Amino acid sequence: MAESQKHLLLVEDEAPLRQVVAEQLTDRGYHVEQCDSGEAAVARLADFAFDVIITDLRLPGMDGSALVQAAVGRYPDIVAIVVTGYGTTKDAVGAIKSGAFDFVSKPFQIDELLHVLERRLKSENAYLRAQLEERYRFEGIVGKSRPMQKLFQLLETVAATNSTILITGETGTGKEVLARAIHHNSARRLHRFLALNCSAIPESLLEAEIFGYVRGAFTGAVGNRQGRLEQAHKGTLFLDEVGTMSTALQMKLLRVLQEREFERVGDSHSIKVDVRVIAATNSDLLKMVARGEFREDLYYRLNVIPVHVPPLRERKDDIPLLVHHFLEKLTRDGGSVVPRGTKPPTVSQDAMRRLMAYHWPGNVRQLENAVERALAFTAGLGQIDVNDLSSEVQQAQVPVVSSPVTLPDEGIDLDLFVASVERELIERSLERTGGNKGAAARLLNLKRTTLVEKLKRLPPRA
């Protein structure tokens, strides 16, 4: 079954009509389940979160309005449509008040029903398309260093699976960006990616945020609400800073991973859910397990596929590439810093050395902020120099490159020595970039045309 299929619950006590409508909806791409009474439908809703419910208004026992109220009460985002042979204004108003999206009168054509469905689902599809327009491909995560190339190879493999992933790394390394990249390169990319920072929400509210709640569950719970788990059904839920969860919440999350079901706060009905969980932390969870602060069984459930993001200080050769990436992004998108479409400024060699020398405790996020600050100081024009950088970056100690030779008493041929050093650097840059002259030029902070001219002037080796 395709991931994009909508699950629809059809409730109609007239078996021939129900069967005909079910067949027509199935032919149009819906996954249809049938019930002949409101009571049977309520029981089915307790086990599964349907996308759509279509119900006859006149049913034996529980009528359609009561069923809609029960369905919307359990799943606030469910699409409810009422069908009736009694097409009066009073019936229509009553159905809408019960929570139905729309009202269809018998007899009806299947296209009329589909038109109502598509109109209601249009807003959700627009949301999904909006997420898909912002592409998160692995090549969009900037990095040519060896640690990042190994990471990309791992991500290409794990994206194709449904396994739970634990991303570890320091603050600001881009754990959420990686989680989005995994989602958008997976089979779940047509459905929602939802992110939740567990450390940013008070403990008393975190449970309700993840699992949802029912009316009266606590003071202020005036209605039912879906949690992030239900909202991410068929998609991906990213839980950042998962190590800050309480032991009680850890237990509830463990059940979701084991049984693929949960209860809303204040409810006793289990809800089935199909969601991929990607967790992230900047803490050492194994040490927390040893101290009794994190459940060992949950750790192993989360750590099915471990992904570690290296800190920026361990891949400093990516800094020039990242700086130019952020400059292009900020000038392309525009905003409060520079007008949209502004040509990216260049970066002086001295400024780049300071950027390379700084230890970046805030990692890639801090570097992006530093680039934005520098861009604001230059107003998007000219060249970014040392004075445009923050004071802490300006004060970074640039390593002193010692001379590889001693100066003999008789002196040396300076031009020949400089030429040999230049040759060595050019050859190393070309070796590192696989012969790509443009990439090699960026490593040397040169224009590609300048590098090409230098290559032409290099004398052949003896």
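Here's what I pulled together on the structure shown here. (Residues numbered from 1 in each chain as written. Predicted model: local features only at pLDDT ≥ 70, side-chain atom pairs only at ≥ 80, totals over all residues. Heavy atoms only, no water.)

**Brief notes about the overall build of the protein chain**
Per the secondary structure count, the protein chain includes 19 helices and 16 strands. Burial analysis of the protein chain (462 residues in total) assigns 44% to the buried set. In the protein chain, 68% of the contacts between residues at least 6 apart in sequence involve partners at least 24 apart. Accessible surface computed for the protein chain: about 24,000 Å², of which carbon and sulfur atoms make up 51%. (Helix = DSSP H or I, 4+ residues; strand = E, 2+ residues; numbered from the N terminus. Buried < 20%, exposed > 50% of the residue type's maximum accessible area, 1.4 Å probe, protein only. Contact = heavy atoms within 4.5 Å. Areas by Shrake-Rupley, 256 points an atom, 1.4 Å probe, with all protein chains shown as cover.)

**What about the nonpolar core?**
The nonpolar side chains of soluble globular proteins are, as a tendency, buried together. Of all hydrophobic cores here, the largest spans 31 residues; its most connected members are L229, L239, M245, F294 and L302. Counting residues per element, this core draws most heavily on helix α10 (residues 247-259), which supplies 5 residues. Dropping the residues within four chain positions of it, M245 is found in contact with C198, L206, I210, L239, Q250 and L253. In terms of nonpolar packing, the next biggest core, distinct from the first, is built from 27 residues, I319, V323, A370 and A374 among them. (Core = buried A, V, L, I, M, F, W, Y, C linked by side-chain atoms within 4.5 Å.)

**Observations regarding unusual backbone geometry**
The phi torsion of most residues other than glycine is negative, and most of the peptide bonds are trans. Even without being a glycine, E241 presents a positive backbone phi close to 55 degrees. On the secondary structure map, E241 appears in the loop between β10 (236-240) and α10. One non-glycine residue, N363, adopts positive backbone phi at about 60 degrees. With respect to the helices and strands, N363 occurs in helix α15 (residues 363-378). Residue classification places N363 among the buried positions, given a relative accessible area of 0%.

**Thoughts on the packing of aromatic side chains**
Within the structure shown, the criterion is met by 5 aromatic pairs. Plain terms: the ring middles of F211 and F262 are 5.9 Å apart, the flat faces sit at 50 degrees to each other, and that makes the pair tilted. Residue F211 is found in helix α8 (residues 203-211), and its partner F262 is found in strand β11 (residues 261-263); the two are separated by 51 residues along the sequence. Residue class for F262 comes out buried when judged on its relative accessible area of 2%. Each ring, one from Y358 and one from W360, has its centre 4.7 Å from the other, and the planes form 85 degrees; the classification is edge-to-face. Taken individually, Y358 and W360 each receive the classification buried, so the pair is uniform in this respect. Between K252 and the ring centre of F211, over which it is positioned, the NZ or CZ distance is 4.3 Å. (Phe/Tyr/Trp six-rings, centres within 6.5 Å; stacked < 30°, edge-to-face > 60°. Lys NZ or Arg CZ within 6 Å of the ring centre and 35° of its normal.)

**Quick word on the sheet that holds strand β1 (residues 7-11)**
Strands sit in the order β2-β1-β3-β4-β5 across an open sheet of 5 strands; the sheet is parallel. Two strands bound the open sheet, and with one partner strand each, they are β2 (31-35) and β5 (102-105). Averaged over all neighbouring strand pairs, the angle between strand axes comes to 20 degrees, with direction disregarded. Bridge count for strand β4 (residues 79-84) against β5 is 4 bridges, and the pairing is parallel. (Pairing = 2+ DSSP bridges. Axes fitted to C-alpha atoms, helices over the stretch in contact; angles between N-to-C directions.)

**Describing the sheet that holds strand β6 (residues 165-168)**
Taken in spatial order, the 5 strands of this open sheet run β7-β10-β13-β6-β14, and their pairing is parallel. Single-partner strands in this sheet number two, and they are β7 (193-197) and β14 (305-308). When strand polarity is set aside, the average angle formed by the axes of neighbouring strands in this sheet is 20 degrees. Bridging between β7 and β10 involves 5 bridges; their strand directions are parallel. Pairing of L194 across the sheet is with L237, part of β10.

**Description of the pairing of strand β3 (residues 52-56)**
Across a regular strand the side chains alternate sides, sitting on one face of the sheet and then on the other. Most of β3 sits out of view: 5 of its 5 residues are buried. As paired elements, β1 and β3 share 4 bridges and run parallel to each other. If you follow L10 over to β3, its bridge partner there is I54. Pairing between β3 and β4: 5 bridges, direction parallel.

**Some points on the environment of V242**
Here V242 lies in the loop between β10 and α10. Take V242: its relative accessible area is 0%, and that puts it in the buried class. Each C-alpha atom of the pair V242 and L166 lies 9.5 Å from the other, and the pair is 76 residues apart in sequence. Beyond its immediate chain neighbours, meaning those up to four positions away, V242 contacts C198, L253, A279, A280, T281, L285, F294 and L302.

**What about a nonpolar patch on the surface?**
A surface patch of nonpolar side chains, amounting to about 270 Å² of accessible area, comprises I412, L414 and V418. Structurally, L414 is set in helix α17 (residues 414-432). Taking relative accessible area as the criterion, L414 reaches 54% and is therefore assigned exposed. (Patch = residues over 30% accessible without salt bridge, like charges linked within 9 Å, V, L, I, M, F, W, Y side chains within 5 Å. Salt bridge = Lys/Arg side-chain N within 4 Å of Asp/Glu carboxyl O.)

**Structural notes on the packing of α8 against α10**
Any two packed helices are characterised by the angle at which their axes cross and by the distance between the axes. Running from N to C, α8 and α10 cross one another at 10 degrees; their axes reach a closest spacing of 11 Å. Classified by the interaxial angle, the pair formed by α8 and α10 is roughly parallel. Along this stretch, α8 crosses α10, giving a crossing that reads as left-handed. Residues E203, L206, E207 and F211 of α8 form the contact with α10, whose own contacting residues are L249, K252, L253 and V256. Residues that form the contact of α8 with α10 fall into these classes: 5 nonpolar, no polar and 3 charged. (Parallel < 35°, antiparallel > 145°, perpendicular 65-115°, else oblique. Left-handed = near helix turned anticlockwise from the far one by under 90°. Nonpolar A, V, L, I, M, F, W, Y, C, P; charged D, E, K, R; others polar.)

**With respect to the side chain of T173**
Looking at the secondary structure, you find T173 in the loop between β6 and α7 (175-184). A polar atom in the side chain of T173 sits 2.8 Å from the backbone oxygen of E170. Not counting residues up to four positions away in its chain, the partners in contact with T173 are V309, P310, P311, N363 and V364. (Polar contact = N/O pair within 3.5 Å; in protein donor to acceptor, adjacent residues only side chain to side chain.)

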